[in-house]
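The primary structure of each chain is shown beneath.
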Amino acid sequence: MKPSTVKINKMPSRFKHQVPKYKVTRSDACINCGTCAKTCPYGVHERSEGHNKVKPPIDYKCIGFECQSKDFCCITKCPRKALSLSLNPMYNTLGDPRWTADMITGTWIMAETGYPPERTDLDYNVGNSGGGFDKLRFKFPAKPAKVDKAEISTAIPLNRRKDGRADVVISTPVYGGGMSFGSVSLSTMVSKAHNATIWNTFTCTGEGGFPDILKPYCDHVITQVATGLFGVREETIQRVKIVELKYAQGAKPGLGGHLLGEKNTEAVAKMREAVKGTSLFSPFPFHSVYSIEDHKKHIDWIKAVNPTALLSVKVSTPNDVDMVAVGSYYAGAHIIHIDGGYGGTGAAPDIAKKNIAMPIEYAITKVHNFLKAEGVRDAITLIASGGIRTAHDLAKAICLGANGAVIGTAELVALECVRCGNCESGRGCSRGIATTDSVLADLFDEKWATQRLTNMYNAWNVQLVDILQKFGMHDVSELVGRTDLLEHIDYSH
Ligand code: SF4
Ligand code: SF4
Ligand code: SF4
């Protein structure tokens, strides 16, 4: 059941025109009769009554050619045949094979409305990467057991060790990944934390410290301790329910972190106890950890500083990630967070992003099976990240063996990221998301961003509940490790 704090309100784009899939063209034959404004239920046509004139079409809202079979289609209703519809040739410049234009548009619609798109022309659940989640499909039974959607639970516990530490349960099996102050704006961080509070889940500070503005949300913020130890203080470890030790990122294992000097503003430098304008590097690895025994000492250190917090260990996905996971269990971790090779960061070199870490789809099953063989699978929470773009990816990751997932890029797309990849260049993101430039960071406010994230989380939850119902399941835990419910489209019959 979703928390009572979740309220869905429409939160439209902050731009008058997004990149549309279709172009709605109005010719000079138009007589401004206003019929199209009255008939289109999607608000593509607007007419200012005072001026008796139709405005240019807002074509990103148009549902396209499928409309031509509907009674209300403006193309057929226009008395002067002044309207025409065509595919926008620019549309496919949006996104890339992993994050397709349809997937970005679908996420924008979810963030605006709070529900999955009703349009059938958007293939927003899978991308065109040619592998991984994009090749997997669910095998729904023809006659599932009847389950009322209201009875389906998507909540998961994070502390499975039963060691007397906090019993943390999140209402949806997904939370926000670490994005540091320095890499993203404060509005982005606060909206992620506010949404995590509304959804009774978590977000993570990333490695740039814990800005005071996040204090009201600290029950839903994970403090990250990474190799640079930027902004790490005893009080930031003591104020939270979960502390994450970050050993590596899936996009660039073995390479540490890098914040370009342009983004290191006075406020960022103060938080990180560094010098303004200098590039900041996090080393690889922790220079105090070279063995599993050192790792245990690290965990013991955090446990001593905060006697109730859960410990999450974030690692990338090298070949021996299964052994790392088992080692982390014996070292005392509650959560093993594995970050696959698609883990997003604008700062990672392409050669690292594409060639080092294992794709998350392989790593999940490898870790799940190894933990099972060791007899400790039920005593640790397995969280996957690095390539979870949609609710379908989330459900597939759970089928492969994860308990839940962490997302990053999907949250940024909800805030109207266009996947341009310029997060780390110059002053940062021209859309105000991944920037610390004060002018750019003011391009949206926290209220708008929080509602967009809450809406997207709701749409994902609606889809997840729908998938569970189609399998006749009452609880998301029934889906864990059910690889038999997936098929690979290259080998299916
Ligand atoms: S229905 Fe046709 S003629 Fe009337 S305002 Fe729209 S485009 Fe113009
Ligand atoms: S084709 Fe349909 S959705 Fe598109 S503008 Fe016309 S009425 Fe609206
Ligand atoms: S610069 Fe902004 S819009 Fe471009 S990929 Fe980064 S967050 Fe997205």
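Let me sum up the structure you'll find in this document. These figures come from a predicted structure and were not determined experimentally.

1. Comments concerning the overall build of the protein
Here is step 1 of the chain: Along its length, the protein carries 14 helices and 18 strands.
Here is step 2 of the chain: In terms of overall dimensions, the protein has a C-alpha envelope of 80 × 60 × 45 Å along the principal axes.
Here is step 3 of the chain: Per-residue burial for the protein yields a buried fraction of 50% across its 493 residues.
Here is step 4 of the chain: Considering only residue pairs separated by 6 or more positions, the protein has 67% of its internal contacts joining residues 24 or more positions apart.

2. Observations concerning the site of ligand 2
Here is step 1 of the chain: V24, C40, Y42, V44, C62, I63, C67, F72, C73, C74, I75 and L85 make up every residue found near ligand 2.
Here is step 2 of the chain: Looking at the shell around ligand 2 residue by residue, the class counts come to 12 nonpolar, no polar and no charged.

3. Focus: the site of ligand 3
Here is step 1 of the chain: In the vicinity of ligand 3, 13 residues are found, and the nearest of them are C417, C420, C423, C429 and A434.
Here is step 2 of the chain: Tallied by class, the residues present in the shell around ligand 3 amount to 8 nonpolar, 3 polar and 2 charged.

4. Describing the nonpolar core
Here is step 1 of the chain: In this structure, A384, L394 and A405 are the most contacted members of the largest nonpolar core, which totals 107 residues.
Here is step 2 of the chain: Sort the elements by how many residues they give to this core and helix α14 (residues 446–470) lands first, with 10 residues.
Here is step 3 of the chain: Excluding residues that lie within four positions of it along the chain, A405 makes contacts with P173, V174, I383, A384, S385, I388, L394 and A397.
Here is step 4 of the chain: In terms of nonpolar packing, the next biggest core, distinct from the first, is built from 12 residues, Y22, V44, C74 and C78 among them.

5. Thoughts on the sheet that holds strand β8 (residues 174–176)
Backbone hydrogen bonds hold the strands of a sheet together, and the pairing may be parallel or antiparallel.
Here is step 1 of the chain: Pairing is parallel across the open sheet formed by 8 strands, whose spatial order is β8-β17-β16-β15-β14-β11-β10-β9. The open sheet is flanked by β8 and β9 (203–204), the only strands paired with a single partner.
Here is step 2 of the chain: Sheet topology note: the strand β15 (residues 335–339)/strand β16 (residues 381–385) ladder contains 5 bridges and is parallel. Pairing of D339 across the sheet is with S385, part of β16.

6. Let's talk about the pairing of strand β11 (residues 242–246)
Here is step 1 of the chain: Of all 5 residues that make up β11, 5 are buried, and the element is covered over most of its length.
Here is step 2 of the chain: Of the two faces of β11, the one lined by I242, E244 and K246 and the one lined by V243 and L245 are each fully buried.
Here is step 3 of the chain: Across 3 bridges, the pairing between strand β10 (residues 221–225) and β11 is parallel. Paired with Q224 across the two strands is E244, which belongs to β11.
Here is step 4 of the chain: Pairing geometry for β11 and strand β14 (residues 310–316), over 5 bridges, is parallel. Residue pairing in the sheet places E244 in a bridge with S312 of β14.

7. Regarding the environment of L259
Here is step 1 of the chain: Residue position: L259 is located in strand β12 (residues 257–259).
Here is step 2 of the chain: As a C-alpha pair, L259 and I222 span 37 residues in sequence and 21 Å in three-dimensional space.
Here is step 3 of the chain: Ignoring any residue separated from it by four or fewer positions in sequence, one finds L259 in contact with G182, S183, N264, S279 and L280.

8. A few points about the environment of T365
Here is step 1 of the chain: Of note, T365 is situated in helix α10 (residues 360–374).
Here is step 2 of the chain: Note: C-alpha distance between T365 and I63 (302 residues apart in sequence) is 39 Å.
Here is step 3 of the chain: Residue contacts for T365: discarding those within four places in its chain leaves L400, G401 and T483.

9. Description of the packing of helix α3 (residues 101–113) against α14
Here is step 1 of the chain: Across the interface, α3 lies against α14 with an axial gap of 6 Å and an inter-helix angle of 110°. It follows from the interaxial angle that α3 and α14 lie roughly perpendicular. Across the interface between the two elements, T107, M110, A111, E112 and T113 from α3 touch R452, N455, M456 and A459 from α14.

10. Thoughts on unusual backbone geometry
Here is step 1 of the chain: For K81, which is not glycine, the phi torsion reads 50° and is therefore positive.
Here is step 2 of the chain: With respect to the helices and strands, the residue K81 is situated in the loop between α2 (74–77) and β4 (83–87).
Here is step 3 of the chain: By C-beta crowding, K81 is classed as exposed, having 11 other C-beta atoms within 10 Å.
Here is step 4 of the chain: Phi at E273 takes a positive value of approximately 50°, unusual for a residue other than glycine.
Here is step 5 of the chain: Tracing the backbone through its elements, the reader meets E273 in the loop between α6 (266–272) and β13 (280–282).

11. Remarks on the packing of helix α7 (residues 292–305) against helix α8 (residues 321–331)
Between two packed helices, both the angle of their axes relative to each other and the distance between the axes serve to describe the pair.
Here is step 1 of the chain: Their axes nearest at 9 Å, the elements α7 and α8 cross at an angle of 45°. One finds that α7 runs oblique with respect to α8. For the pair α7 and α8, the crossing hand works out as right-handed. Packed against α7, whose contacting residues are I292, H295, K296 and I299, the element α8 presents G327, S328 and A331 at the interface.
Here is step 2 of the chain: Partitioning the contact of α7 with α8 into residue classes produces 3 nonpolar, 3 polar and 1 charged.

12. As for the environment of P116
Here is step 1 of the chain: Here P116 is to be found in the loop between α3 and β5 (136–138).
Here is step 2 of the chain: On the neighbour-count criterion, P116 (20 C-beta atoms within 10 Å) is buried.
Here is step 3 of the chain: For the pair formed by P116 and L280, sequence separation is 164 residues and the distance between their alpha carbons is 40 Å.

13. Structural notes on helix α4 (residues 186–198)
Here is step 1 of the chain: The terminal C-alpha atoms of α4, which comprises 13 residues, lie 18 Å apart, in line with the 18 Å expected from a rise of 1.5 Å per residue.
Here is step 2 of the chain: Among the residues making up α4, those that are buried are S187, T188, M189, V190, S191, K192, A193, H194, N195, A196, T197 and I198.
Here is step 3 of the chain: Taken together, the buried residues of α4 touch β8, β9, β10, α12 (409–414), α13 (438–441) and α14.

The rules behind each value
Residues numbered from 1 in each chain as written. Chains lettered and ligands numbered in written order. Predicted model: local features only at pLDDT ≥ 70, side-chain atom pairs only at ≥ 80, totals over all residues. Helix = DSSP H or I, 4+ residues; strand = E, 2+ residues; numbered from the N terminus. Buried ≥ 20, exposed ≤ 12 C-beta atoms within 10 Å, placed from the backbone. Contact = placed C-beta atoms within 7 Å. Near = placed C-beta within 6 Å. Nonpolar A, V, L, I, M, F, W, Y, C, P; charged D, E, K, R; others polar. Core = buried A, V, L, I, M, F, W, Y, C linked by C-beta atoms within 7 Å. Pairing = 2+ DSSP bridges. Axes fitted to C-alpha atoms, helices over the stretch in contact; angles between N-to-C directions. Parallel < 35°, antiparallel > 145°, perpendicular 65-115°, else oblique. Left-handed = near helix turned anticlockwise from the far one by under 90°. Expected span 1.5 Å × (residues − 1).

All we've got here are geometric facts, nothing functional implied.
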